[in-house]
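# Architecture and fold: a report
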Amino acid sequence: MEGHSPNKISSAEAILVGALSSGVNAPTWIVLQMTFLLLACCFSAMLYLAFFSSDFVIVGHVFLLITIGVVLFVLLNRFLAETGFVPVEQQMQEIGIHKPEATEKDKRS
């Protein structure tokens, strides 16, 4: 593994760091978008089933869930547009799990 860098951060580690520290990094945002996409698929299936049921109260509840999901997604997008992305390395330094000695060893070699 000559081409593999020891400082390379895995996407799972980046998502975990993004969940534990302040700010949003790109891998965490991608996972959130995929989660909202899957939620939209589930809501569309629920809406399809609710329209073909005989009880229209269920349709109202599904529309309420869809409204809550859309509002949450829009608010997250606006928040991220105002704050911007934070690099994973900066988040790791804030938490205190950044390994500066590993980077110094790599600079020497």
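Above this text sits the structure in question.
So, here's what we can say about the structure. (Residues numbered from 1 in each chain as written. Predicted model: local features only at pLDDT ≥ 70, side-chain atom pairs only at ≥ 80, totals over all residues. Heavy atoms only, no water.)

### Remarks on a nonpolar patch on the surface
A surface patch of nonpolar side chains, amounting to about 750 Å² of accessible area, comprises Tyr48, Leu49, Phe51, Phe52, Phe56 and Phe63. For the nonpolar patch, the secondary-structure elements that each account for two or more residues are helix H2 (26–51) and helix H3 (56–83). Among the elements that take part in the nonpolar patch, H2 stands out by supplying three residues, more than any other. (Patch = residues over 30% accessible without salt bridge, like charges linked within 9 Å, V, L, I, M, F, W, Y side chains within 5 Å. Areas by Shrake-Rupley, 256 points an atom, 1.4 Å probe, with all protein chains shown as cover. Salt bridge = Lys/Arg side-chain N within 4 Å of Asp/Glu carboxyl O. Helix = DSSP H or I, 4+ residues; strand = E, 2+ residues; numbered from the N terminus.)

### Observations concerning helix H4 (residues 88–95)
Those residues of H4 lying buried are Val88, Gln91 and Met92. Buried residues along H4 cover an arc of 100° about the axis, so they all sit on one side. On its buried side, H4 packs onto helix H1 (11–20). Trailing H4 by a residue or two, Gly96 shows a phi angle of about 100°, which is positive. (Buried < 20%, exposed > 50% of the residue type's maximum accessible area, 1.4 Å probe, protein only. Arc of directions from axis to C-beta. Contact = heavy atoms within 4.5 Å.)

### As for the packing of H2 against H3
Look at H2 against H3: their axes get within 10 Å of each other, and the N-to-C directions meet at 165°. Compared by their axis directions, H2 and H3 come out roughly antiparallel. Along this stretch, H2 crosses H3, giving a crossing that reads as left-handed. Within the contact between the two elements, H2 uses Trp29, Gln33, Phe36, Phe43, Met46, Leu47, Ala50 and Phe51 and H3 uses Ile58, Val59, Val62, Phe63, Leu65, Ile66, Gly69, Leu72, Phe73, Leu76, Asn77 and Leu80. Grouping the constituent residues of the contact of H2 with H3 by class yields 17 nonpolar, three polar and no charged. (Axes fitted to C-alpha atoms, helices over the stretch in contact; angles between N-to-C directions. Parallel < 35°, antiparallel > 145°, perpendicular 65-115°, else oblique. Left-handed = near helix turned anticlockwise from the far one by under 90°. Nonpolar A, V, L, I, M, F, W, Y, C, P; charged D, E, K, R; others polar.)

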